[in-house]
Amino acid sequence: MNYFVNEKGYYGDFGGAYIPEMLYPNVEELRQNYLNIINDADFQKEFRALLKDYVGRPSPLYLAKRLSKKYNANIFLKREDLNHTGAHKINNTIGQILLAEKLGKKRIIAETGAGQHGVATATVCALRGLECVIYMGEVDIKRQAPNVARMKMLGATVISAVSGSKTLKDATNEAMRDWINNPVDTHYIIGSVVGPHPYPDMVAIFQSVISEETKKQLLEQTGSDQPDYVLACVGGGSNAMGMFYHFIEDEKVKLIAIEAAGKGVSSGFSAATTYLGKEGVLHGSRSILMQTADGQVVEPHSVSAGLDYPGIGPQHAHLFKTTRAEYVSITDEESLDAGLLLTKLEGIIPAIESAHALAHLEKMKFTGNENVVVCLSGRGDKDMETYMNHFGL
Amino acid sequence: MNRINQLFKEKKNNILSIYYTAGYPGLGDTIAIAEALQEAGADMLEIGFPYSDPVADGPVIQASSKQSLDSGMDLNLLFEQLKDLRKKVSIPVLLMGYVNPVLQYGVENFCKACVEVGVDGCIVPDLPMYEYEELYKDVFLDNDLCNIFLVTPQTSEERIRKIDALSNGFIYLLSSSATTGKNLDVSDATTTYFSRIAAMELSNPTMIGFGISSKETFDKACKYANGGIIGTAFVKAIAEGNLKESIDGFMKNFR
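The structure displayed is predicted, hence computed values, not measured ones. (Residues numbered from 1 in each chain as written. Chains lettered and ligands numbered in written order. Predicted model: local features only at pLDDT ≥ 70, side-chain atom pairs only at ≥ 80, totals over all residues. Heavy atoms only, no water.)

What to know about the overall build of chain B
In step 1: Within chain B one finds 13 helices and nine strands.
In step 2: In terms of overall dimensions, chain B is globule-like: its C-alpha atoms have a radius of gyration of 17 Å, near the 18 Å expected for 255 residues.
In step 3: Principal-axis analysis of the C-alpha atoms places the extent of chain B at approximately 45 × 40 × 35 Å.
In step 4: A total of 255 residues make up chain B; the buried ones form 62% of that total.
In step 5: Partitioning the contacts of chain B with sequence separation of at least 6, the portion at a separation of at least 24 is 75%.
In step 6: Put simply, chain B shows about 9,800 Å² of open surface, and 47% of that area lies on carbon and sulfur atoms. (Helix = DSSP H or I, 4+ residues; strand = E, 2+ residues; numbered from the N terminus. Rg over C-alpha atoms; globule rule 2.2 N^0.38 Å. Buried < 20%, exposed > 50% of the residue type's maximum accessible area, 1.4 Å probe, protein only. Contact = heavy atoms within 4.5 Å. Areas by Shrake-Rupley, 256 points an atom, 1.4 Å probe, with all protein chains shown as cover.)

Quick look at the sheet that holds strand β4 (residues 74–79) of chain A
Residue and element names in this part refer to chain A.
In step 1: Overall, mixed pairing links the six strands, which are arranged β3-β4-β14-β9-β10-β13 in an open sheet. Each of the sheet's edge strands pairs with one partner strand only, and the pair in question is β3 (61–63) and β13 (325–331). The mean angle between the axes of side-by-side strands here comes to 25°, regardless of whether they run parallel or antiparallel.
In step 2: Across seven bridges, the pairing between strand β10 (residues 254–262) and β13 is parallel. (Pairing = 2+ DSSP bridges. Axes fitted to C-alpha atoms, helices over the stretch in contact; angles between N-to-C directions.)

Observations concerning the nonpolar core
Within soluble globular proteins, side chains that are nonpolar tend to cluster in buried spots.
In step 1: A:Leu99, A:Phe244, B:Leu37, B:Leu95, B:Phe170, B:Tyr172 and B:Phe234 are the most contacted members of the largest nonpolar core, which totals 189 residues.
In step 2: Here this core spans two domains, and each of domain 1 (18–50 + 89–203) and domain 2 (57–87 + 208–391) of chain A adds at least three residues to it.
In step 3: If we skip the residues at most four places from it in the chain, B:Tyr172 touches B:Glu46, B:Met96, B:Ile123, B:Ile148, B:Phe149, B:Leu150, B:Val151, B:Met207, B:Gly209, B:Phe210 and B:Ile229.
In step 4: Residues A:Leu67, A:Ala73, A:Ile348 and A:Ala357 belong to the second largest nonpolar core, which totals 29 residues. (Core = buried A, V, L, I, M, F, W, Y, C linked by side-chain atoms within 4.5 Å. Domains from an automatic or database assignment.)

So, a nonpolar patch on the surface
Residues and elements named next belong to chain A.
In step 1: Judged by side-chain polarity, Ile349, Met384, Met388 and Leu393 come together as a nonpolar surface patch covering roughly 340 Å² of accessible area.
In step 2: Secondary-structure assignment places Ile349 in the loop between α14 (332–346) and α15 (352–359).
In step 3: With relative accessibility at 35%, the residue Ile349 sits in the partly exposed group. (Patch = residues over 30% accessible without salt bridge, like charges linked within 9 Å, V, L, I, M, F, W, Y side chains within 5 Å. Salt bridge = Lys/Arg side-chain N within 4 Å of Asp/Glu carboxyl O.)

Examining the pattern of salt bridges
Here the idea is simple: oppositely charged side chains can pair when their charged atoms come close.
In step 1: Tallying each qualifying case throughout the model produces 34 salt bridges over all chains.
In step 2: A salt bridge links A:Glu21 to B:Arg159, with the shortest nitrogen-to-oxygen separation between them at 2.8 Å. Of the two residues, A:Glu21 sits in the loop between β2 (14–15) and α1 (24–39) while B:Arg159 sits in helix α9 (residues 157–166), which places them in two different chains.
In step 3: Its salt-bridge partner being B:Lys83, residue B:Glu80 comes within 3.6 Å of it at the nearest N-O pair.
In step 4: For B:Glu80, a relative accessible area of 46% gives the class partly exposed.
In step 5: Using a relative accessible area of 56% as the deciding quantity, one classes B:Lys83 as exposed.

Comments concerning the domain arrangement of chain A
Residue and element names in this part refer to chain A.
In step 1: One can read the domain layout of chain A as domain 1 (18–50 + 89–203) and domain 2 (57–87 + 208–391).
In step 2: Between the C-alpha centres of domain 1 and domain 2 the distance comes to 23 Å.
In step 3: Across the boundary between the two partners, domain 1 contributes 30 residues, which contact 31 residues of domain 2.
In step 4: Across the domain 1/domain 2 interface, buried area totals approximately 2,400 Å², and carbon plus sulfur atoms make up 57% of it.
In step 5: Put simply, domain 1 and domain 2 have one salt bridge between them. (Buried area = accessible area lost by both parts, 1.4 Å probe.)

Describing unusual backbone geometry
In step 1: Residue A:Pro198 is bonded to the preceding A:His197 through a cis peptide linkage, with omega at 15°.
In step 2: The omega torsion across B:Tyr24 and B:Pro25 is 0°, close enough to zero to call that bond cis.
In step 3: In this fold, B:Pro25 is placed in the loop between β1 (15–21) and α2 (30–39).
In step 4: At A:Thr323, a residue that is not glycine, the phi angle is positive and equals roughly 60°.

This is the structure in structure tokens:
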């Protein structure tokens, strides 16, 4: 079974590039060049150097002893929360900004939901001196004020997306419209493993450093680079794809992707895409998405803005359909509890996105010997208000 | 013969095609608008079926799509409304919209429903050429439906040739790489692009769209192609007031 992209841009039944002709030249330019650029030795040298000295990689693989004791397994946390800007998102934006430079682009656009990808994009634009425009839903701008301020201080122009539901999916639409209207000098840094081919593959490659490091660190710490389980949360799915990447072809490693159930998968306020969705096309690729019988995209809900997306990347849809990875979901409530638990046991306040992955440990049964890696994709600073309100702290 | 091919056989220039969103401004206006447009001199109609995430469209068509969806429009209702289309309208009619609603309806069912109500062709901007060729072409051809492809100033000559070979009906030339509702670029670069396409002597007729809102811009389109397509300006014009009067008033600018 091939779990990676084929020469036509598909992962099994999913993927492709469902884009209007106006976007074809941009996407085609990227498709023809991305692998050559990424595989170039000079590019790799620069990319690796920035990941090391600017982002702070490798991120630690931390054996969480008190959490391990509670769950009766060896729980390792891959500490993406310790990266510069506080999440895994920067791995991708560093890669894409270098690639944009090689393509001679002068202007960068991006979409953002909670603002983490927007901040990571604004950061690399400041670093390299490129113009930066971030699209963000009007609703998200209001509820993520600190990240909006960070983007502005970093020199980005933040444009409010006022169409549709005024959240992440609409910010993505607006960014695509910007790209249509600025086809020559602009590069669109998509923040997840979604969008038309080659984006899902390109973003997965940049994020694959997560599992590349994890294998080495596991070997050092346990004598084997093969864990029993790998867990990661999924919105669009970029931290999960980075966390799974180098384990995908080793079928002995069980992969578990955790979606946001919101207020419950049947509550009408959920983002559990594989449970509620059907096959279709969203944002340029064929995947699984939440939609009406008529094919209109349904607005999702999650307490975590980073998981509040009605689709998943096409590679995830393929891993789901082939059952290579298991897809489960965790409610708002369960994730917040797991966030508080990690804080109390290990002194780490996780992003609510990452807390969804942690919450699934509660539902697993261990015998004491299993090695389990959980991707701690981001830190919880941005979520303090939600935590405080929920727990009355 | 398909009505679209018939039209281009009989009329070589000054062809006026109008786009409007089904179920807008009123949910039940779809057929009334078609009738009024034919009466006022439109040569061809493009009826948009609305989608929640129309990335190729500007604010005006987005808003009309949202209003239509909010009123309850979907493909089942649209085909129901179009049942009497051919009792009232004889000019060619295309459906225009995004690929996901078509996928959910089922491509084959969609094509059959089009034929049953007398629709002659489709414009699905986010259905790529490769997927069309591999998966949909036979269904479209079996049902004698035209599939219309878009060409932009950035489309390479090689790709235009491929599009021409795969097209049936006409080729939709975008005046610029833009979302709908921008003004027609009247610069030399645009003229050069239009002339370049004209010089290619494509086997299909061409229609210029995106940014045509006045007699002047329509005439310019007709200079370089078989005609022009108006969308946003028309949708804007019928937003308020008496529908028939708005349509007649708008069409007087062109006919």
